[in-house]
Amino acid sequence: MPETSGAQDLSIGQVAERTGLSVHTLRFYEREGVLANPVRRGPGGRRFYNEDDVEWLRVCIILRASGMPLPTIRRYTELVRQGSGTEEQRLTLLRRHQEHVVAQMEKLTQCLDLITFKVGVYEDHLERGPAGQMCAASSLPENAGHD
């Protein structure tokens, strides 16, 4: 990811505020090699970032939130840094992760279905009052608890 020439310098604190990451996490990401551009240093070793860095960090945040492991993000970053000619490898990496996210979403949908069902059971029970009978596993929805 090329740096934007003449871009406004941002301090590590400003980047932390804009991305929601802690200063500690930003330093960790730098050490782990997940930043697309090398962090520039000013006098006294102060870190300076630009808008491209912030945008790249937002991509990393989304990938991490989707469950992509840090080593995979690092590999993706390495491929991006290598530039043209790595698109097929990047696509393969992202497709693999996409499959993982879809499977995760399907599992979460099953979990949500069960929770929604149980909320309805308890709401019905409370509407009927103390005379209603409850069973912890009563009438589970179809496919509840099954892979």
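Quick note: structure is the one above.
Report on the accompanying structure.

Parameters at a glance
Residues numbered from 1 in each chain as written. Predicted model: local features only at pLDDT ≥ 70, side-chain atom pairs only at ≥ 80, totals over all residues. Heavy atoms only, no water. Core = buried A, V, L, I, M, F, W, Y, C linked by side-chain atoms within 4.5 Å. Buried < 20%, exposed > 50% of the residue type's maximum accessible area, 1.4 Å probe, protein only. Helix = DSSP H or I, 4+ residues; strand = E, 2+ residues; numbered from the N terminus. Contact = heavy atoms within 4.5 Å. Expected span 1.5 Å × (residues − 1). Polar contact = N/O pair within 3.5 Å; in protein donor to acceptor, adjacent residues only side chain to side chain. Salt bridge = Lys/Arg side-chain N within 4 Å of Asp/Glu carboxyl O. Phe/Tyr/Trp six-rings, centres within 6.5 Å; stacked < 30°, edge-to-face > 60°.

1. Quick look at the nonpolar core
Among the nonpolar cores identified, the biggest contains 24 residues, and V15, L26, Y49 and L57 are the most heavily contacted of them. Taken together, the elements giving at least two residues each to this core come down to α1 (12–19), α2 (23–32), α3 (51–65) and α4 (70–82). With residues up to four places along the chain from it excluded, the contact list for L57 reads V15, T19, L21, L26, Y29 and L35.

2. Quick notes on α3
Here α3 contains 15 residues, and its C-alpha end-to-end distance of 21 Å stays within 8% of the 21 Å for a straight helix at 1.5 Å per residue. Of all the positions in α3, only D52, D53, V54, W56, L57, C60 and L63 are classed as buried. On its buried face, α3 sits against α1, α2, α4 and α5 (87–128). One side-chain oxygen of the residue at the start of α3 lies 2.9 Å from the amide nitrogen of D52, identifying that residue as N50.

3. Regarding the pattern of salt bridges
Overall, the coordinates contain seven salt bridges when judged by the stated rule. Here the salt bridges do not stand alone but share partners, grouping E30, R41 and R47 into one network.

4. What to know about the packing of aromatic side chains
The geometry of an aromatic ring pair comes down to the distance between the two centres and the angle between the two planes. This structure, assessed with the given rule, holds two aromatic pairs. A ring pair is formed by F28 and Y29, whose centres lie 6.3 Å apart and whose planes are at 45°; its orientation type is tilted. With a relative accessible area of 29%, F28 lands in the partly exposed category. Overall, Y29 belongs to the buried group, its relative accessible area being 7%. When the ring of W56 is compared with that of Y76, the centres are 5.8 Å apart and the planes differ by 10°; the resulting orientation is stacked. Note that W56 is positioned in helix α3 and Y76 in helix α4, a separation of 20 residues in sequence. Y76 shares its class with W56; the two are buried.

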